[in-house]
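A look at the structure
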Amino acid sequence: MVSTCKAVRNFRQFPLEAQRSADVAAEEREQRLRTITRKRSSKAAKLSAEASHRLRRLLGNDNWADLRELMQQERMTLRDLLQPPPGLESSYDKLNKARKRKVDAFLRSRGVRRDAILAIAKDYHEAIADVFTADENISPGFHLSNNLDKWLSLSPFHDRALPWGVFEPDDSQGPHRWEVFRPPFFGFNFGFVPVHNDNFVVDRIHTLNPSVGDVGISISMEDSDAGDFDYASGDAFSAIAFAFVPPTTGLVEVLIDAQCVEATHRLDTEDEWGWSNSHTAQRNFLMLDVLHPNVSEPSYAEMSNLDEETDDDESFLQEKLTRGTHYFAQLFSAGPVPAGQSVVVCAGTRSFDKSGTNDVSIDSTSDFRWFISSVEVRISP
């Protein structure tokens, strides 16, 4: 299943030439995204079907049907055994292990090796990871205080705290001088693209308060009753926007100073049958998008990630970034813009999460929120 959700944007307060070029660029991006997303969905569905066909061929049609019937029966039996009053004193772990032993005994009785099933799953997870790859235009982000020398070297304005410092326009670099944009911002842009099969539910929550530079994304992927080979991805962004008039032609360079509000990776997995496994990844970025027809795609700085491959009942809660701390990204547009023509510049955050699973229940949530403290913009020398 694929649902390409059209991005929502508000650029009404910007010059008409900036709005027109942004609309053209956005339409081109959305058309290209629809094509990419359809290809991803088609490839993922094909890989899932091929893995299921390999599994059925390994087991044989009769064994495969008997196995699926037994698995469904054991799920219902476990549910019944947990009902009150006897279920109040039952051990879920013991009952669940007994359920898995019954299915393992079935496989042994039919001469099916667990390692043969695991080999099919391994090939599937490697292939599905290649389908849901992030964009190539990615660089690392920076923790500001740990990279202070780099931050100070990037702009003459960095000898003071930009959110409240008083600064004069810097004319020393002529047409390549920096301009500083700070809250309140008045434009915005956000979007979401999920891809998944029927067993997964993929959703998102956008946080977007442009007047204070508040941007955020929460993506959830849930597969509570995993099948043979399930897959999902969620790709979402939230960004503030402003208009910039390039003094000369060239690539747009930006420095984003962002304060971390929340940066949480959560993942819960449940191994349903003992030979199951899964691979789930979550990635968050600060992003630049210059909406002009000459600029082919956004640019990203990776800030945090989770990548877990597991075949067991596990729970992950990771918060790698420090709340309240400043981070920065140095990004360049993926194409030049012409001198003197107002363009829309978007700065914000993007999350791209993905999961492939065979008979492992998945509950994945990533929560990221940033305050865009300042955005410095120039045409790169």
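This text follows the structure it describes.
The text that follows walks through the structure, step by step, so that each part is easy to find. (Residues numbered from 1 in each chain as written. Predicted model: local features only at pLDDT ≥ 70, side-chain atom pairs only at ≥ 80, totals over all residues. Heavy atoms only, no water.)

A cluster of acidic residues, D93, D307, E309, D311, D312, D313 and E314, forms a negative patch on the protein surface. Take D93: it is sitting in helix α3 (residues 92-109). (Patch = residues over 30% accessible without salt bridge, like charges linked within 9 Å, V, L, I, M, F, W, Y side chains within 5 Å. Areas by Shrake-Rupley, 256 points an atom, 1.4 Å probe, with all protein chains shown as cover. Salt bridge = Lys/Arg side-chain N within 4 Å of Asp/Glu carboxyl O. Lys, Arg positive; Asp, Glu negative; His and termini not counted. Charge placed at Lys NZ, Arg CZ, Asp CG, Glu CD. Helix = DSSP H or I, 4+ residues; strand = E, 2+ residues; numbered from the N terminus.)

Let's shift gears to the pairing of strand β11 (residues 299-310). With three bridges connecting them, strand β2 (residues 138-140) and β11 associate as parallel partners. Paired with I138 across the bridge in β11 is Y300. Bridge count for strand β10 (residues 277-291) against β11 is 11 bridges, and the pairing is antiparallel. Opposite N284, over in β11, you have S304 as the bridge partner. (Pairing = 2+ DSSP bridges.)

This structure, assessed with the given rule, holds 10 aromatic pairs. These aromatic residues form a ring-pair network of at least three members: F142, W151 and F328. Positioned above the aromatic ring of W64, the side-chain terminus of R56 is 3.7 Å from the ring centre. Here the basic side chain of R350 rests over the ring of Y300, its NZ or CZ set 4.5 Å away from the ring centre. (Phe/Tyr/Trp six-rings, centres within 6.5 Å; stacked < 30°, edge-to-face > 60°. Lys NZ or Arg CZ within 6 Å of the ring centre and 35° of its normal.)

By size, the foremost hydrophobic cluster in this structure holds 32 residues, and its most contacted members are I256, W370 and V375. Listed by contribution, the elements that provide at least two residues to this core are β8 (230-244), β9 (250-271), β10, β11, β13 (326-337), β14 (343-358) and β15 (360-379). Once residues lying within four places of it in the same chain are set aside, the contact partners of V375 are E179, V180, F181, F185, F242, V254, L255, I256 and A347. Judged by nonpolar contacts, the second largest core, of 29 residues, contains A7, I117, I120 and Y300. (Core = buried A, V, L, I, M, F, W, Y, C linked by side-chain atoms within 4.5 Å. Buried < 20%, exposed > 50% of the residue type's maximum accessible area, 1.4 Å probe, protein only. Contact = heavy atoms within 4.5 Å.)

Moving on to α3. Taking 1.5 Å per residue as the helical rise, α3 with its 18 residues ought to reach 26 Å, and the 26 Å between its terminal C-alpha atoms agrees with that figure. Among the residues making up α3, those that are buried are N96, R99, K100, V103, D104, F106 and L107. In an axial view of α3, the angular spread of the buried residues amounts to 155°, which keeps them on one side of the axis. The exposed set on the far side of α3, more than 90 degrees from its buried face, consists of K94, K97, R101, R108 and S109. The elements touched by buried residues of α3 are α1 (16-59), α2 (61-81), α4 (114-131) and β9. (Expected span 1.5 Å × (residues − 1). Arc of directions from axis to C-beta.)

Geometry only, nothing functional implied.
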